[in-house]
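# Working through the structure, step by step
Listed below are the residues making up each chain.
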Amino acid sequence: KAKKEAAKAVSVVKFPLDSILSNVTDIVLVKMDTQGSEIDVMKGMKQIFTTQRPVLVYEFSMDVDEKALHFMKALGYTCKDIAPTDRMCTSVPP
């Protein structure tokens, strides 16, 4: 019989993409599938979204999407569903 292993906790160090990509000035598209951590990633990219205005395509689940949707709308993006679990957000022209 196969033994079942207990789940182990793993610590992960997070770095905001704003700091990692601070020298990159031509980001036009971001594709994100972070299994429920979308809002954390979006917050770490706030400067990129506000200065470079890339298109964002992300996979979402209804139980965690409301915060992400409101966050992007507050940054001046409009979002629409493009597949049952995919959403695209584009910058609203000034």
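Look up a bit, the structure's there.
Residues numbered from 1 in each chain as written. Predicted model: local features only at pLDDT ≥ 70, side-chain atom pairs only at ≥ 80, totals over all residues. Heavy atoms only, no water.

## Some details on the packing of aromatic side chains
The cut-off we apply is this: For Phe, Tyr and Trp, rings pair up if their centres lie within 6.5 Å, where Trp contributes its six-membered ring, and each pair is then called stacked (planes under 30 degrees apart), edge-to-face (over 60) or tilted (otherwise). Numbering of helices and strands runs from the N terminus; a helix is a DSSP stretch of H or I covering at least four residues, while a strand is a stretch of E covering at least two. Look at NZ for Lys and CZ for Arg. If either is within 6 Å of the ring centre and within 35 degrees of the ring normal, a charge sits over the ring.
Tallying each qualifying case throughout the model produces 2 aromatic pairs. On the numbers, 5.7 Å between centres and 80° between planes, the contact of Phe 49 with Tyr 77 is edge-to-face. Taken together, the positions of Phe 49 in helix 3 (residues 46-51) and Tyr 77 in strand 3 (residues 77-83) put the pair 28 residues apart, joining distant regions of the chain. When the ring centre of Phe 60 is taken as origin, the NZ or CZ atom of Arg 87, which lies over that ring, is 4.1 Å away.

## A look at the state of the cysteines
Our working definition: The criterion for a disulfide is a pair of cysteine sulfur atoms lying within 2.5 Å. For each residue, the accessible area found with a 1.4 Å probe, counting protein chains only, is set against the maximum for its type, and the residue is called buried under 20%, exposed over 50%, and partly exposed in between.
Applying the stated rule across the entire model yields 1 disulfide. Between the sulfur atoms of Cys 79 and its disulfide partner Cys 89 the distance amounts to 2.2 Å. Looking down the S-S bond of the Cys 79 and Cys 89 bridge, the torsion is 110°, so its handedness is right-handed. A residue pair is termed long-range when its members are at least 10 positions apart, and Cys 79 in strand 3 and Cys 89 in strand 4 (residues 86-91) qualify at 10 residues. The two residues Cys 79 and Cys 89 agree in class, both being buried.

## A few points about the pairing of strand 3
Note the threshold: Strand pairing follows a simple DSSP-based rule, namely that at least 2 bridges must link the two strands.
In this structure, strand 3 lies alongside strand 4, joined through 6 bridges in antiparallel fashion. Each residue of the ladder has a partner; that of Ala 83, found in strand 4, is Asp 86. Between the end of strand 3 and the start of strand 4, which pair antiparallel, lie 2 residues.

## Examining the side chain of Arg 87
Convention followed: For this analysis, a polar contact is any N or O atom pair within 3.5 Å, provided that within protein one partner can donate a hydrogen and the other can accept it, and provided that sequence-adjacent residues contribute only side-chain to side-chain pairs.
Note that Arg 87 resides in strand 4. Among the residues examined, Arg 87 registers a relative accessible area of 7% and is labelled buried. At 2.6 Å, the side chain of Arg 87 forms a polar contact with the side chain of Asp 81.

## What about the nonpolar core?
As a reminder, the rule being used: Remark: nonpolar core denotes a set of buried residues (Ala, Val, Leu, Ile, Met, Phe, Trp, Tyr, Cys) joined through side-chain atoms within 4.5 Å. Should any heavy atoms of two residues lie within 4.5 Å, those residues are counted as being in contact.
Ranked by size, the top nonpolar core spans 18 residues in total, and within it Met 32, Met 42, Phe 49, Leu 56, Tyr 58, Met 72 and Cys 89 carry the most contacts. In terms of residue count, helix 4 (residues 65-74) provides more of this core than any other element does, 3 residues in total. Those residues within four positions of Met 72 in sequence are excluded, and the remaining contacts are Met 42, Phe 49, Leu 56, Tyr 77, Cys 79 and Cys 89.

## As for unusual backbone geometry
Despite not being glycine, Gln 35 has its phi angle at roughly 55°, a positive value. The topology assignment puts Gln 35 in the loop between strand 1 (29-32) and helix 2 (38-43). With a phi angle near 55°, Arg 53 is a residue other than glycine that sits in the positive phi range. In this structure, Arg 53 sits in the loop between helix 3 and strand 2 (55-59). We classify Arg 53 as partly exposed; its relative accessible area is 26%.

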